[in-house]
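Listed below, chain by chain, are the residues.
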Amino acid sequence: LDEVSQVFALWPSAQVSRFAEALDLGKWFAGSDFFAQGGGEIANNKANFRALAAAAGVPTARGEVVRNVDEAIAAMGRLLRTTDAVVVKQAHNGAWSGNQAVLRGDVETAHAGTKHLHRLAPGPNGIREYWLERWNWASADGRFPVVVEEFRQRARTVYAEFDIGDDGIQHTETG
């Protein structure tokens, strides 16, 4: 244990904090106290990201964070008045594993990473039928809010990751 200089978690969670503490390595897990109190839920959540981006004036695709089926139906209906496709995003899950493109009509679906597609049933009940079928998946059985936003055709995903600590900010990844 004297040779350990860092505990690095791919998914920083309360469990990793408890594990590091049990091995008397908590001091080597940066942010351990934050993550021990559920900080991972704050830091890695698409719904929280939208709220923080809005507060900071960062542009995002038109959309809403919803917390129940009725809000989801209303939000999707508002978006589909002006577009033919939306993306439903789980609060957690990445790389399109937690996203589904929901399409109405003939929409181009060649977007990079668009793996999960759903075509709405025609008629006025298509949106309601979708949410009654998919709410439990999207919300992790009601545990988390869901993001419903405009699908941006031919959009590029860009990201940058940073490690922020007492000794400063280090850029770690870009893609």
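Quick look at the structure, then. This structure is a prediction, so every number in the text was calculated from the model and none was measured.

**Some details on the environment of Gln153**
Here is step 1: The residue Gln153 is located in the loop between strand 5 (146–150) and strand 6 (160–165) in this model.
Here is step 2: Sequence separation between Gln153 and Lys46 is 107 residues; the distance between their C-alpha atoms is 20 Å.

**Things to note about helix 1 (residues 14–22)**
Every α-helix winds through 3.6 residues per turn, so residues three or four apart in the chain are directed the same way.
Here is step 1: Every buried residue of helix 1 is listed here: Ala14, Ser17 and Ala20. The buried residues of helix 1 occupy an angular sector of 125 degrees when projected down its axis, which confines them to one face. Facing away from the buried side of helix 1, by more than 90 degrees, are the exposed residues Gln15, Arg18, Phe19 and Ala22.
Here is step 2: On its buried face, helix 1 sits against helix 2 (32–36).
Here is step 3: Just beyond helix 1, the residue with positive phi is Asp24, at close to 60 degrees.

Each value, and the rule that gives it
- Residues numbered from 1 in each chain as written.
- Predicted model: local features only at pLDDT ≥ 70, side-chain atom pairs only at ≥ 80, totals over all residues.
- Heavy atoms only, no water.
- Helix = DSSP H or I, 4+ residues; strand = E, 2+ residues; numbered from the N terminus.
- Buried < 20%, exposed > 50% of the residue type's maximum accessible area, 1.4 Å probe, protein only.
- Arc of directions from axis to C-beta.
- Contact = heavy atoms within 4.5 Å.

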